[in-house]
Amino acid sequence: MTDNTHQDAGRRKSLREAALEEMAKFERKENEFRKKDRAERAADLRLPLDAIKVH
């Protein structure tokens, strides 16, 4: 039974690591998409994106 428990824990750990990796990939893609989208919208509106500082 303990071997089964250890195997299950190992599987959960690897699944968790895979899920975290996929989430990190998604977040990187989403951030890049937002940067690109923001730059495109600024270009359409002819806004100086670098000059605007929002805190």
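Residues numbered from 1 in each chain as written. Predicted model: local features only at pLDDT ≥ 70, side-chain atom pairs only at ≥ 80, totals over all residues. Heavy atoms only, no water.

Caption draft 1: Here's a closer look at the overall build of the chain. Scanning the chain from terminus to terminus reveals 1 helix and 0 strands. Relative to its 55 residues, the chain shows a buried fraction of 2%. When the accessible surface of the chain is summed, it comes to about 5700 Å², and 55% of that surface belongs to carbon and sulfur atoms. (Helix = DSSP H or I, 4+ residues; strand = E, 2+ residues; numbered from the N terminus. Buried < 20%, exposed > 50% of the residue type's maximum accessible area, 1.4 Å probe, protein only. Areas by Shrake-Rupley, 256 points an atom, 1.4 Å probe, with all protein chains shown as cover.)

Caption draft 2: Main features of the pattern of salt bridges. On inspection of all chains with the given rule, the structure shows 5 salt bridges. The salt bridge involving Asp8 is made with Arg11; its shortest N-O contact spans 3.1 Å. Linking Asp8 with Arg11, this pair stays in helix α1 (residues 2–45), spanning 3 residues, or about one helical turn. Residue Asp8 is classed as partly exposed on the basis of its relative accessible area of 31%. Taking the relative accessible area as the measure of exposure, Arg11 reaches 48% and is therefore partly exposed. The residue Asp37 makes a salt bridge to Arg41 at a minimum N-O spacing of 3.1 Å. Pair noted here: Asp37 and Arg41 are both in helix α1, with a separation of 4 residues, about one helical turn. Here Asp37 falls in the partly exposed class, since its relative accessible area comes to 27%. (Salt bridge = Lys/Arg side-chain N within 4 Å of Asp/Glu carboxyl O.)

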